[in-house]
Amino acid sequence: ERRGMLKCPFCRTPLSGNDAKNLAMVRARVKKKDPVAINCLGENYGHGTLGLRKDIRKAVELWTEAAELGSIRALYNLGVSHLHGCGVQGDNKKAVEFFERAAVQGHIESRHNLGCIEGRKGNHDRAVRHLLISAMMGEKKSVDAIKISFMRGLATKDQYAEALKGYQ
């Protein structure tokens, strides 16, 4: 068992293995307006876990509430929802706004996604800058993306070396 895994993210007690008990623990934190718990409940609705029926629209509602209360992960989830049109109408501009809000608060996956979006738009310098930041924060996918950019002539050898050095 990795450290912290299989434990309640709120009180650090071992999870029971009983979906109903675990859901009750999450709902108790949701009632107290805990943004982490609200995001967690949204993720469970989004994946149809903890005995909940999959309901992406409900997940988006919960992520919106959690984001308003300060959940960075909820901002990321909203970005993904808008990017792929899950539970909301697809809107790349809104997706970028959510990813930017999460990235400036240190969310690595959001920073990586911004790099990928910029790369698809042809803004390779911006893409590499985003990917370098997330690589230095420990995102292996960003190192791999910079490697591919380097192999295609879209990133410099120095940028790739910087990503490798920063990742380690």
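Coordinates for the structure precede this section.
Student: What is the right way to look at the state of the cysteines in this model?
Tutor: A covalent bond between the sulfur atoms of two cysteines is what we call a disulfide. This structure, assessed with the given rule, holds 0 disulfides. Cysteine C116 remains unbridged, with the sulfur of C86 as its closest cysteine sulfur at 17 Å. The exposure class of C116 is partly exposed, given its relative accessible area of 26%.

Student: Quick question: what am I supposed to make of the pattern of salt bridges here?
Tutor: For the coordinates displayed, the defined rule picks out 7 salt bridges. As a salt-bridge pair, R73 and E109 come within 3.0 Å of each other at their nearest N and O atoms. Of the two residues, R73 sits in helix α4 (residues 72–84) while E109 sits in helix α6 (residues 108–120), which places them 36 residues apart along the sequence. According to the relative accessible area criterion, R73 is partly exposed, its value standing at 35%.

Student: What am I meant to see in the nonpolar core here?
Tutor: One recurring pattern in soluble globular proteins: nonpolar side chains tend to sit buried together. Grouped together as the largest cluster of nonpolar side chains are 21 residues, with contacts concentrated most on V26, V30, L41, Y45, W63 and L78. Elements supplying a minimum of two residues to this core: α1 (19–31), α2 (35–47), α3 (56–68), α4 and α5 (92–103). Here this core takes 6 residues from α3, the largest share from any one element. Counting residues in each nonpolar core, the second largest holds 10 residues, with V128, L131, A135 and A155 among its members.

Student: Please clarify how the packing of aromatic side chains should be interpreted in this entry.
Tutor: Aromatic ring pairs are defined here through the distance separating the ring centres and the angle between the ring planes. For the coordinates displayed, the defined rule picks out 2 aromatic pairs. Judged by centre distance (6.0 Å) and plane angle (40°), the ring pair of Y76 and F99 falls under tilted. Taken together, the residues Y76 in helix α4 and F99 in helix α5 connect sequence positions 23 residues apart. F99 carries the same exposure label as Y76, and that label is buried. On the numbers, 5.7 Å between centres and 15° between planes, the contact of F150 with Y160 is stacked. Highlighted residues: F150 in helix α8 (residues 140–151) and Y160 in helix α9 (residues 157–167), separated in sequence by 10 residues. Given the relative accessible area of 30%, F150 is considered partly exposed. Assessed through its relative accessible area of 18%, Y160 is described here as buried.

What counts as what
Residues numbered from 1 in each chain as written. Predicted model: local features only at pLDDT ≥ 70, side-chain atom pairs only at ≥ 80, totals over all residues. Heavy atoms only, no water. Disulfide = S-S within 2.5 Å. Buried < 20%, exposed > 50% of the residue type's maximum accessible area, 1.4 Å probe, protein only. Salt bridge = Lys/Arg side-chain N within 4 Å of Asp/Glu carboxyl O. Helix = DSSP H or I, 4+ residues; strand = E, 2+ residues; numbered from the N terminus. Core = buried A, V, L, I, M, F, W, Y, C linked by side-chain atoms within 4.5 Å. Phe/Tyr/Trp six-rings, centres within 6.5 Å; stacked < 30°, edge-to-face > 60°.

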